[in-house]
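# Overview (structure and organization)
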Amino acid sequence: MLSERDYNPPKAHKALLFSTLAFTTCFAVWTIFSIIGVKIKQELGLSETQFGLLVATPVLTGSISRLFLGIWTERFGGRLVFTILMLATAVAVYLLSTVKTYEMFLLAALGVGLAGGSFIVGVAYISEWYDKGHQGTALGVFGAGNVGAAVTNFAAPFLVVAFGWQTTAQIYAAVLAGIAILFYLLTENDPRLARRAKEGVTSMPLRDQLAPLAKLQVWRFSLYYFFVFGAFVSLASWLPRYYVGAYDMTLEQAGMLAALYTAPASVFRALGGWMSDRFGARTVMYWTYGVSLICLFILSYPETSYVVRGIDGPIEFSIVVPVTLFVVLTVSLGFVMSLGKAAVYKHIPVYYPDHVGSVGGLVGMIGGLGGFILPIVFGAMNDLIGVWTSCFMLLFVIVLVSFLWMHGAIVRMEARRYPEIKSAETSRFLPELQPDYGREGATGK
């Protein structure tokens, strides 16, 4: 993190621009199975569980790799690591178009998943260019690269129809390789790496890099991200299948409606970064969880028919979420998730300025694992329970548990910070409503 004196806006904005472009491309590649996976499912005759595993496999690599990529970025710099990562992923995406069996598709998907690790590389790289007062907004702008999922949901169906899914994968590979070369040529090494090279200072020992991971607070941040990012990724991959199955839509229609969810869940991440700088990341997380609980409660309700014994005889009616309301609720959910994603990563450089790569890598890894685990569970629940809305039931439970843990932890901290407030009052009000509540980073979390 730079001091306000060393902050150089032109260089910082240049790094942010090309990092966001690179991340957007990587994210589009990372979610490619949400579209071509439907065609592969039809060709291979896959079950719902097998399809869920195929869609989730790239997320596994993208999740696990984040911890290592974060550490490597702290050591070797984001410019080099980002470039190598994109080139390696481009090769994997091209090879995807040559495989035939389900097992080989899973293996190729592991390579494609490397694109998902680009997030922590960009976070560690960008955070070194900005001072504390601008980091939240900058990381929010960078995180808006999640819009790559919307690009895939919108554009990939038409590419698949026009050229076939194999050629679509080859087009994606070529674009990613081109962006990798462009990124390396037009960016610079981050200030910390340049300063270390100039002073001849070695990088931090691995033990010191990993030390913060023993703190429970870091794992709590990881749970937040499990929902706001992991569930986002899983729904971005799952919604096209949901629309096709639950509402009997074509793949093109399903892709466009899924893009309505992924677009705000990506673009408004920049707003979430600004709001975290302005109002505090803690406040934004309360808003995120509150709205999510409302949306998920309604989305969880399955289509149900009732017969009521009326005065003049039986009265029959049914409760169903029409497609218009479904779209509105998922778009609203995506919007608050975008705010939450920015809020979670606002915490990291504030509390762990010298460990953004390792802490951010762990948080990103847990969040990414949510994107891997949840589609598999969604598919399994469809096979076992046979209710389309079961995926939203699961997400409702996850949000409720996360919200209660977050609020309980904050209440305990506020009680220690403000001993003059009685415990009854501490439990009664949200921390934002207590006297002398300050900005995130000043109050602690």
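Residues numbered from 1 in each chain as written. Predicted model: local features only at pLDDT ≥ 70, side-chain atom pairs only at ≥ 80, totals over all residues. Heavy atoms only, no water.

### A short note on the overall build of the protein chain
A tally of helices and strands in the protein chain yields 19 helices and 2 strands. Total accessible area on the protein chain stands at roughly 18000 Å², and carbon and sulfur atoms take up 67% of it. (Helix = DSSP H or I, 4+ residues; strand = E, 2+ residues; numbered from the N terminus. Areas by Shrake-Rupley, 256 points an atom, 1.4 Å probe, with all protein chains shown as cover.)

### Remarks on the side chain of serine 234
Within the element layout of this structure, serine 234 appears in helix H12 (residues 216–246). For serine 234, the side chain forms a polar contact with the main-chain oxygen of alanine 231, separated by 2.8 Å. Apart from the residues within four sequence positions on either side, serine 234 is in contact with Gly370, Gly371, Leu374, Pro375 and Phe378. (Polar contact = N/O pair within 3.5 Å; in protein donor to acceptor, adjacent residues only side chain to side chain. Contact = heavy atoms within 4.5 Å.)

### Focus on helix H15 (residues 281–300)
For H15, spanning 20 residues, the distance from its first C-alpha to its last is 28 Å, which sits close to the expected 28 Å at 1.5 Å a residue. Within H15, 14 of the 20 residues are buried, leaving the element largely enclosed by the surrounding structure. (Expected span 1.5 Å × (residues − 1). Buried < 20%, exposed > 50% of the residue type's maximum accessible area, 1.4 Å probe, protein only.)

### Things to note about the environment of alanine 281
Mapped onto the fold, alanine 281 is located in helix H15. Overall, the relative accessible area of 0% leaves alanine 281 in the buried class.

### Things to note about the layout of surface pockets
Put simply, the largest pocket is a space of about 220 Å³. In the lining of the largest pocket, the residues fall into 11 nonpolar, 2 polar and 1 charged. (1 Å grid on protein atoms, 1.4 Å probe; cavity = no way out; pocket = protein on both sides within 12 Å on 5 of 7 lines; lining within 4 Å. Points joined across faces, edges and corners; volume = space filled by probe spheres on them. Nonpolar A, V, L, I, M, F, W, Y, C, P; charged D, E, K, R; others polar.)

### Side note on helix H2 (residues 33–44)
Look at H2: only 14 Å from first C-alpha to last across 12 residues, short of the 16 Å you get at 1.5 Å a residue. When H2 is considered as a whole, its buried residues turn out to be Phe33, Ser34, Ile35, Ile36, Gly37, Val38, Ile40 and Lys41. Backbone geometry just after H2 places glycine 45 at a positive phi near 65°.

### Digging into empty space enclosed by the protein
Applying the stated criterion across every chain, the model contains 2 cavities of 30 Å³ or more. Approximately 40 Å³ is the volume found for the second largest cavity. Sort the elements by how many residues they give to the lining of the second largest cavity and helix H1 (residues 9–30) lands first, with 3 residues. Grouping the amino acids of the lining of the second largest cavity by side-chain chemistry returns 4 nonpolar, 1 polar and 3 charged.

### Some words on the environment of alanine 138
Relative to the helices and strands, alanine 138 is located in helix H7 (residues 132–143). When its relative accessible area of 3% is taken as the criterion, alanine 138 is described as buried. The spacing of alanine 138 and valine 123 is 15 residues in sequence and 9.4 Å in space, taken between C-alpha atoms. When residues no more than four places from it in sequence are discounted, the contact partners of alanine 138 are Leu16, Ile126 and Tyr130.

### Focus: the packing of H1 against helix H9 (residues 165–186)
Two numbers describe how H1 lies on H9: the axes approach to 10 Å, and their chain directions differ by 165°. Classified by the interaxial angle, the pair formed by H1 and H9 is roughly antiparallel. Judged by the twist between their axes, the crossing of H1 over H9 is left-handed. Touching Lys14, Phe18, Ser19, Leu21, Ala22, Thr25, Cys26, Ala28 and Val29 of H1 are Tyr172, Val175, Leu176, Ile179, Leu182, Phe183 and Leu186, all from H9. Broken down by class, the residue content of the contact of H1 with H9 amounts to 13 nonpolar, 2 polar and 1 charged. (Axes fitted to C-alpha atoms, helices over the stretch in contact; angles between N-to-C directions. Parallel < 35°, antiparallel > 145°, perpendicular 65-115°, else oblique. Left-handed = near helix turned anticlockwise from the far one by under 90°.)

### Description of the environment of glycine 111
By the secondary structure assignment, glycine 111 is in helix H5 (residues 102–112). On a C-alpha basis, the gap between glycine 111 and threonine 61 in space is 7.3 Å, while along the polypeptide they are 50 residues apart. Those residues in contact with glycine 111 that sit more than four places away from it in its chain are Thr89 and Ala92.

### Let's talk about the packing of aromatic side chains
Per the counting criterion, the structure on display carries 35 aromatic pairs. Ring centres of phenylalanine 23 and phenylalanine 27 lie 5.6 Å apart, and the angle between their planes is 70°; on these two criteria the pair is classed as edge-to-face. Here phenylalanine 27 and phenylalanine 23 lie together in helix H1, a separation of 4 residues that amounts to about one turn. Residue phenylalanine 23 shares its accessibility class with phenylalanine 27, and that shared class is buried. Here the aromatic rings of phenylalanine 68 and tryptophan 72 are separated by 6.5 Å at their centres, their planes lie at 40°, and the arrangement is tilted. Here phenylalanine 68 and its partner tryptophan 72 are both found in helix H3 (residues 48–76), 4 residues apart, which amounts to about one turn of the helix. By relative accessible area, which is 43% here, phenylalanine 68 ends up partly exposed. With a relative accessible area of 43%, tryptophan 72 lands in the partly exposed category. Ring pairs connect the aromatic residues Phe23, Phe27, Trp30, Phe119, Phe142, Tyr225, Phe229, Phe232 and Tyr261, which therefore count as one cluster. The ring of tyrosine 184 carries the charged tip of arginine 79 above its face, separated from the ring centre by 4.0 Å. Lying over the aromatic face of phenylalanine 232, lysine 341 brings its terminal NZ or CZ to 3.6 Å of the ring centre. (Phe/Tyr/Trp six-rings, centres within 6.5 Å; stacked < 30°, edge-to-face > 60°. Lys NZ or Arg CZ within 6 Å of the ring centre and 35° of its normal.)

### Some details on the confidence of the model for the protein chain
In low-pLDDT regions, the fine details of the predicted coordinates are not to be read closely. Counting all residues, the mean pLDDT for the protein chain is 81, and 86% of those residues have values of 70 or more. In the model of the protein chain, helix H19 (residues 423–428) stands out as the element of lowest mean pLDDT, 53, in contrast to H9, which has the highest, 93. Low confidence marks residues 433–445, where pLDDT is under 50. Its contacts with residues over four positions away, or in another chain, come to 41 contacts. (pLDDT = per-residue confidence, 0-100.)

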